[in-house]
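Spelled out from the first residue to the last, the chains are:
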Amino acid sequence: MIRIILILSFIPFFLIQCKTQHVDRKALAEQVKTEYDFAWQNYKKYAWGSDELKPLSQSGHNWYGQSLQMTPIDALDGLIILGFDTEADSVGEWIAAETSWDKDINVQVFEVTIRLMGGLLTSYQMTGDGQLLDLAVDLADRLLPAFESETGMPYRYVNLKTGALSDPNSNPAEIATLMLEFGTLSRLTQNPVYYQKAKQGIRALFEKRPANDLPGQSINVETGAWTNQRSHIGGMIDSYYEYLLKSWLLFDDADFRHMWDVHITALNSHLAVDTNSGFWYGRVDMHTGNLNAAEFGALEAFFPAVLALAGDTVRARKLMSSCLKMWSLHNLEPEVLNFEEMQIPERGAFYYLRPEIIESLYYLFHFTADEKFLIAAKKIFEDIQKYCRTENGYTIIRDVRSKEKGDLMPSYFLAETLKYLYLLFSDTAPVGLDDYIFTTEAHPLKKAAISE
Ligand code: DMJ
């Protein structure tokens, strides 16, 4: 009896509802638009010109002391995609006029690439505004010194003004998650250097893999030595896999296909695990392949999308179902979940408005047309409104059990979380998975670039 109750408690609320509910996609798309506008207007009111909004303190926050216009640049293509045309025009003009990268600050190459360069490239592709492309080129040129390491793998930080390098202790995600953006820049400018440098870093990383093809969590870009032996699909490794697959699909480069094939085979043999609570990818030792933590979390929830994009809808569906169980435990997902005990370790109780679970629902719905994924997305949208909305914008949650609020609206909430919700519900969006590859920050890049 206890066993039956236990199994029933693992069935997500969304799946129980599936048989009876129908989703009014048009109405939901309008609601997402309303919430996007609400979040954006509050950013403008309290944090305009800063990187991100702090809704509880009604102020702005800059990552490096001075602003890089993180939220406007990350959000601009969302304004275009959701149909805020007049606003998008004036924000695009403002970005072109106000943005300068000539700043004496050490920036994280990965973050500024995915949020700023990615945002600029998509907005350029959607508007044809050459000033946005010029900003992307200027930014990329200032980041290029990062690749001047002994191994060719990029340093984590570079000074935008001086090119000074810092922090050689990097990780697969930060090393590889430049390829779509740098590669697209090469396509658009006909300058191969960006593609070559980004690919050279990935190639050097791939060559360092152990015999079982499982990369570790961190690696020194000067020596090529692994500095953390944990292997998993979570933060610090996650988008390495994503970018191998997507770089193959966007650039039709067979080297990336080979690297993806090698790794997905290893992941499915060593990390994939069927338990009483569902199908998961756990954390293993990179050399032995032995499970050392039955942990999964909000960041790992990107993986059903990647599996679906790779054509593995069977594993994608199973993992999606596990992700929804993770969400429904507390009606918000934790950063870390022990999937054997279905308990949240203290260090992983927060929800940072992350998009990955919604991103996966978007891919699953696209590839299967199964309405249950829309129903799940509707429930998640409702939960986010219920627990993360404040009078002055949306905010992160410190603990999904108590629902205690933190004080930050990350730029990816507009760039990804709300954008993926809109794309799920709208059937008139100007971009979609047939013609675009979405970066890890949800900036859609055209499969055939403008200049081709
Ligand atoms: C985003 O900046 C990107 O999706 C990145 O790849 C992972 N983390 C955040 C969202 O959770």
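The shown structure was predicted, so the numbers you read here are calculated from the model rather than taken from an experiment.

A tally of regular secondary structure across the protein gives 17 helices and 21 strands. Scaling as 2.2 N^0.38, a compact globule of 452 residues should have a C-alpha radius of gyration of about 22 Å, and the protein matches this with 21 Å. Dimensions along the principal axes, computed over C-alpha positions, put the protein at roughly 65 × 55 × 40 Å. Across the protein, every contact between residues at least 6 apart in sequence was considered, and the portion connecting residues at least 24 apart equals 70%. Surface exposure of the protein reaches about 16500 Å², of which carbon and sulfur atoms provide 48%. Looking at charge distribution, the protein has the averaged site of its 41 positive side-chain charges lying 5 Å from that of its 60 negative ones.

With respect to the helices and strands, Tyr240 occurs in helix α11 (residues 238-251). With a relative accessible area of 1%, Tyr240 lands in the buried category. C-alpha separation for the pair Tyr240 and Tyr420, spaced 180 residues apart in sequence, amounts to 21 Å. The residues touching Tyr240, leaving out its near neighbours within four places in the chain, are Pro172, Ala173, Ala176, Thr177, Ile202, Leu205, Phe206, Pro215 and His263.

The next subject is the site of the ligand. What surrounds the ligand is the set Ile114, Arg115, Leu299, Arg354, Pro355, Glu356, Tyr412, Glu416, Thr440 and Glu441. Between an oxygen atom of the ligand and a side-chain N or O atom of Glu416, the distance comes to 2.9 Å. Within the side chain of Glu441, a nitrogen or oxygen atom sits 2.7 Å from an oxygen atom of the ligand.

Overall, the coordinates contain 23 aromatic pairs when judged by the stated rule. For the pair Phe350 and Tyr352, a centre-to-centre distance of 4.3 Å together with 35 degrees between the ring planes defines the contact as tilted. Taking 5.9 Å as the distance between ring centres and 80 degrees as the angle between the ring planes, the aromatic pair formed by Tyr362 and Tyr363 counts as edge-to-face. Tyr363 carries the same exposure label as Tyr362, and that label is buried. The ring of Phe38 carries Arg389 above its face, with NZ or CZ at 3.7 Å from the centroid. The aromatic ring of Tyr387 is capped on one face by Lys403, whose charged end is 4.9 Å from the ring centroid.

This part covers the pattern of salt bridges. Counting across every chain of the model gives 29 salt bridges. Between Asp102 and Arg142 there is a salt bridge, with the nearest N and O atoms lying 3.5 Å from each other. Placement of Asp102 in the loop between α5 (85-98) and β3 (106-108) and of Arg142 in helix α7 (residues 130-143) is noted, with a sequence separation of 40 residues between them. The exposure class of Asp102 is partly exposed, given its relative accessible area of 42%. Across the salt bridge formed by Arg203 and Asp255, the nearest N and O atoms sit 3.8 Å from each other. Residue Arg203 is found in helix α10 (residues 193-207), and its partner Asp255 is found in helix α12 (residues 254-270); the two are separated by 52 residues along the sequence. A relative accessible area of 31% places Asp255 in the partly exposed class. Through salt bridges that share partners, Lys199, Arg203, Glu207, Asp253 and Asp255 make up one connected network.

Buried together is how nonpolar side chains tend to be arranged in soluble globular proteins. Ranked by internal contacts, the top residues of the largest apolar core, which has 157 residues, are Leu143, Phe182, Phe303, Ile384 and Phe425. The element that contributes the greatest number of residues to this core is helix α16 (residues 372-388), accounting for 10 residues. Apart from residues lying up to four places away in sequence, Ile384 is in contact with Trp327, Tyr351, Leu353, Ile358, Arg389, Tyr394, Phe413 and Thr417.

This part covers the packing of α10 against α11. α11 packs onto α10 with a crossing angle of 135 degrees between their chain directions and a minimal axis gap of 13 Å. Viewed along their axes, α10 and α11 adopt a mutual orientation that is oblique. The element α10 and its partner α11 pack so that their crossing is left-handed. On α11, the residues that touch Tyr195, Ile202, Leu205 and Phe206 of α10 are Tyr240, Leu244 and Phe251. Split by residue class, the contact of α10 with α11 holds seven nonpolar, no polar and no charged.

This part covers unusual backbone geometry. You will see that Gln58, though not glycine, has its phi angle at about 50 degrees, which is positive. Relative to the elements of secondary structure, Gln58 occurs in the loop between β1 (52-54) and β2 (59-61). Although it is not a glycine, Asp213 sits at a positive phi angle of roughly 65 degrees. When you line up the elements, Asp213 lands in the loop between α10 and β7 (218-220).

The rules behind the values
- Residues numbered from 1 in each chain as written.
- Predicted model: local features only at pLDDT ≥ 70, side-chain atom pairs only at ≥ 80, totals over all residues.
- Heavy atoms only, no water.
- Helix = DSSP H or I, 4+ residues; strand = E, 2+ residues; numbered from the N terminus.
- Rg over C-alpha atoms; globule rule 2.2 N^0.38 Å.
- Contact = heavy atoms within 4.5 Å.
- Areas by Shrake-Rupley, 256 points an atom, 1.4 Å probe, with all protein chains shown as cover.
- Lys, Arg positive; Asp, Glu negative; His and termini not counted.
- Charge placed at Lys NZ, Arg CZ, Asp CG, Glu CD.
- Buried < 20%, exposed > 50% of the residue type's maximum accessible area, 1.4 Å probe, protein only.
- Near = heavy atom within 4 Å.
- Polar contact = N/O pair within 3.5 Å; in protein donor to acceptor, adjacent residues only side chain to side chain.
- Phe/Tyr/Trp six-rings, centres within 6.5 Å; stacked < 30°, edge-to-face > 60°.
- Lys NZ or Arg CZ within 6 Å of the ring centre and 35° of its normal.
- Salt bridge = Lys/Arg side-chain N within 4 Å of Asp/Glu carboxyl O.
- Core = buried A, V, L, I, M, F, W, Y, C linked by side-chain atoms within 4.5 Å.
- Axes fitted to C-alpha atoms, helices over the stretch in contact; angles between N-to-C directions.
- Parallel < 35°, antiparallel > 145°, perpendicular 65-115°, else oblique.
- Left-handed = near helix turned anticlockwise from the far one by under 90°.
- Nonpolar A, V, L, I, M, F, W, Y, C, P; charged D, E, K, R; others polar.

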